[in-house]
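Residues per chain, in single letters:
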Amino acid sequence: MTDTLTSALLNNPQYALAIVLLNALCEATVLVGLFIPGAVLVVVTTFIYSQGIATIPEIMSAAFMGALLADNAGYHLGKLAGPKFHESNFALRYASKLHKAENLIQRYGWGAILIGRLLTAIRSIVPLLTGISGFSAWRYLIFDILACAIWAVGLGLIITGVDGVIG
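Note that the structure is predicted; figures quoted are calculated from it, not measured. (Residues numbered from 1 in each chain as written. Predicted model: local features only at pLDDT ≥ 70, side-chain atom pairs only at ≥ 80, totals over all residues. Heavy atoms only, no water.)

Student: Sorry, what's going on with a nonpolar patch on the surface here?
Tutor: On the surface, L31, L34 and F35 cluster together into a nonpolar patch covering about 350 Å² of accessible area. Mapped onto the secondary structure, L31 falls in the loop between α2 (16–28) and α3 (38–50). (Patch = residues over 30% accessible without salt bridge, like charges linked within 9 Å, V, L, I, M, F, W, Y side chains within 5 Å. Areas by Shrake-Rupley, 256 points an atom, 1.4 Å probe, with all protein chains shown as cover. Salt bridge = Lys/Arg side-chain N within 4 Å of Asp/Glu carboxyl O. Helix = DSSP H or I, 4+ residues; strand = E, 2+ residues; numbered from the N terminus.)

What follows is the structure, given as structure tokens:
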């Protein structure tokens, strides 16, 4: 599979940034993200950068946009599902854990959003829970922009090291 992807990127470099955006979007999409490891994005973006297909600012921008789109879609899905979600069998079964998670989000909003963006295991779930919890849409957007920016810079640091992003 790696050979196919590298060959496709080398033969069609014009699609590289779209692949970065889609990879970041899928990695953060509710439930889908649970099955797409963050390492895939790191490998793909490192290859794109090392082959000179795209610059670090271009890669970080594409990843940022994909992450922001997926996070906000998850948040708004949570907002939409909110009241009905609490009546679902799943929510009733895990009511105490969900209640604790929602309380943490309400209490430490920006921190929960930032940690949720940085931890692969919960990246696709935190936006949904934040929406379900009734967290303000504007506050979520502001904190998520910040979290996605920090995450995108972190991706750039992983790809090139500190010298490549700062210098």
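There is more to say, and it comes next.
Student: Explain helix α6 (residues 95–107) to me, please; I cannot follow it from the model alone.
Tutor: An α-helical turn contains 3.6 residues, so a residue and the one three or four places further along point in the same direction. The end-to-end C-alpha separation of α6 is 18 Å, in line with the 18 Å expected for 13 residues at 1.5 Å each. On its buried face, α6 is in contact with α4 (56–85), α5 (89–93), α7 (109–118) and α8 (126–132). (Expected span 1.5 Å × (residues − 1). Contact = heavy atoms within 4.5 Å.)

Student: Before we go on, may I ask you to explain the nonpolar core in this structure?
Tutor: Burial of nonpolar side chains together is a common tendency in soluble globular proteins. If you look at the biggest cluster of nonpolar residues, it comprises 22 residues, and the most contacted ones within it are V20, I48, I59 and W151. Listed by contribution, the elements that provide at least two residues to this core are α2, α3, α4 and α9 (137–160). Per element, the largest residue contribution to this core is eight residues, and it comes from α4. For I48, the residues in contact, after removing those within four places along its chain, are L9, A16, V20, I53, A54 and I59. Judged by nonpolar contacts, the second largest core, of 14 residues, contains V30, F85, L128 and I132. (Core = buried A, V, L, I, M, F, W, Y, C linked by side-chain atoms within 4.5 Å. Buried < 20%, exposed > 50% of the residue type's maximum accessible area, 1.4 Å probe, protein only.)

Student: Can you help me understand the confidence of the model for the chain in this one?
Tutor: When pLDDT is low, close inspection of the predicted coordinates is not appropriate. Per-residue pLDDT for the chain has a mean of 86; in total, 95% of the residues score no lower than 70. Element-level pLDDT for the chain is lowest in helix α10 (residues 162–166), with a mean of 54, against a maximum mean of 95 in α9. (pLDDT = per-residue confidence, 0-100.)

Student: Looking at this structure, how should I read the environment of G109?
Tutor: Looking at the element boundaries, G109 is found in helix α7. Overall, G109 belongs to the buried group, its relative accessible area being 3%. Along the sequence, G109 and R139 sit 30 residues apart, while their C-alpha atoms lie 8.5 Å from each other. Each residue touching G109, except ones within four places of it in the same chain, is listed here: L104 and F135.

Student: It is not clear to me how the side chain of E27 should be interpreted in this structure. Could you clarify?
Tutor: Here E27 is to be found in helix α2. Under the relative-accessibility criterion, E27 is labelled buried at 3%. Once residues lying within four places of it in the same chain are set aside, the contact partners of E27 are G33, I36, P37, G38, L41, R123, S124 and W151.

Student: Could you clarify how one ought to interpret empty space enclosed by the protein in this entry?
Tutor: Rolled over the atoms, a probe with the dimensions of a water molecule shows which regions are left empty. In the structure shown here, the tally under the stated rule is one cavity of 30 Å³ or more. Of the volumes computed, that of the largest cavity is approximately 40 Å³. Lining the largest cavity are D71, I113, G116, R117, R123, V126, P127, Y140 and D144. Breaking the lining of the largest cavity down by element, the ones donating at least two residues are α7, α8 and α9. Of all the elements, α7 adds the most residues to the lining of the largest cavity, at three residues. Residue composition of the lining of the largest cavity, by class: four nonpolar, one polar and four charged. (1 Å grid on protein atoms, 1.4 Å probe; cavity = no way out; pocket = protein on both sides within 12 Å on 5 of 7 lines; lining within 4 Å. Points joined across faces, edges and corners; volume = space filled by probe spheres on them. Nonpolar A, V, L, I, M, F, W, Y, C, P; charged D, E, K, R; others polar.)

Student: Before we go on, may I ask you to explain the pattern of salt bridges in this structure?
Tutor: When the charged atoms of two side chains with opposite charge come close together, those side chains can pair. By the definition in use, this model includes two salt bridges. Between R123 and E27 there is a salt bridge, with its nearest N and O atoms 2.4 Å apart. Linking R123 in the loop between α7 and α8 with E27 in helix α2, this pair joins segments that are 96 residues apart in sequence. Here R123 and E27 have matching classes, each one buried.

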